[in-house]
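Coordinates in review
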Amino acid sequence: MAENTDNFEELIKRGVESDVLDYKGPMDFRAIGRAGQAKIARHMAALANTNGGHIVIGVSEDAGGHPSVYTGLTAAEAHSFDPSSVGPVINHMIEPPIDFVIERPLVDGKRYAIIKVRPFAAMPHV
């Protein structure tokens, strides 16, 4: 099933993780440290090594473990996902570099970060 990359609201509110969609609670990319950044890089590499996909940041899990708490990001958290600063950090950890874009849409008055990872064409990322 192809992802509709133009419908950010649908991605944010889908509420079901899959092999092409992962949710993360609100975070500041700069403040999560090297270990947190490496965890994001691993998720991105897993997506790149398969069919590609999206990581939606700003959606937490409810008590039942379902990604349905639409917290969004503060202005500082959203700014921390600037592609010009995230790209060098992620691609310093992954070889060869991952092809990705970051969108920061406003949905229902809340800002989110959506990382769209394109599948790697030739060889696995490590």
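Structural notes, computed from the coordinates. (Residues numbered from 1 in each chain as written. Predicted model: local features only at pLDDT ≥ 70, side-chain atom pairs only at ≥ 80, totals over all residues. Heavy atoms only, no water.)

It is worth spelling out the packing of helix H2 (residues 33-48) against helix H4 (residues 83-93) at this point. Two numbers describe how H2 lies on H4: the axes approach to 9 Å, and their chain directions differ by 75°. Looking at the two axes, H2 sits roughly perpendicular to H4. The residues of H4 that touch H2, namely those facing Arg34, Gln37, Ala38, Ile40, Ala41 and Met44, are Val89, Ile90, His92 and Met93. For the contact of H2 with H4, a count of residues per class yields seven nonpolar, two polar and one charged. (Axes fitted to C-alpha atoms, helices over the stretch in contact; angles between N-to-C directions. Helix = DSSP H or I, 4+ residues; strand = E, 2+ residues; numbered from the N terminus. Parallel < 35°, antiparallel > 145°, perpendicular 65-115°, else oblique. Contact = heavy atoms within 4.5 Å. Nonpolar A, V, L, I, M, F, W, Y, C, P; charged D, E, K, R; others polar.)

What follows deals with the packing of aromatic side chains. Applying the stated rule across the entire model yields one aromatic pair. Ring centres 5.6 Å apart and planes at 55° place the aromatic pair Phe29 and Phe81 in the tilted group. One end of the pair, Phe29, is in the loop between strand S1 (21-24) and H2; the other, Phe81, is in the loop between helix H3 (75-80) and H4, with 52 residues separating them in the sequence. Judged by its relative accessible area of 0%, Phe81 falls in the buried class. (Phe/Tyr/Trp six-rings, centres within 6.5 Å; stacked < 30°, edge-to-face > 60°. Buried < 20%, exposed > 50% of the residue type's maximum accessible area, 1.4 Å probe, protein only.)

This part is about the environment of Leu106. Looking at the secondary structure, you find Leu106 in strand S6 (residues 106-107). Separated by 33 residues in the primary sequence, Leu106 and Leu73 have C-alpha atoms spaced 9.8 Å apart.

For the rest of this paragraph, the subject is H2. In a regular helix each residue adds 1.5 Å, so 16 residues correspond to 22 Å; H2 covers 22 Å between its end C-alpha atoms and thus fits that length. For H2, the complete set of buried residues consists of Gly36, Gln37, Ala38, Ile40, Ala41, Met44, Ala45, Leu47 and Ala48. Lining the buried residues of H2 we find S1, strand S2 (53-57), H4, strand S5 (100-103) and strand S8 (113-117). (Expected span 1.5 Å × (residues − 1).)

Once that is clear, we can look at the pattern of salt bridges. Under the defined criterion, the tally for this structure stands at six salt bridges. The partner of Asp99 in a salt bridge is Arg118, with the nearest N and O atoms 3.1 Å apart. One end of the pair, Asp99, is in the loop between H4 and S5; the other, Arg118, is in the segment after S8, and 19 residues separate them in sequence. A relative accessible area of 43% places Asp99 in the partly exposed class. Three or more residues joined by partner-sharing salt bridges are found here, namely Glu9, Lys13 and Asp108. (Salt bridge = Lys/Arg side-chain N within 4 Å of Asp/Glu carboxyl O.)

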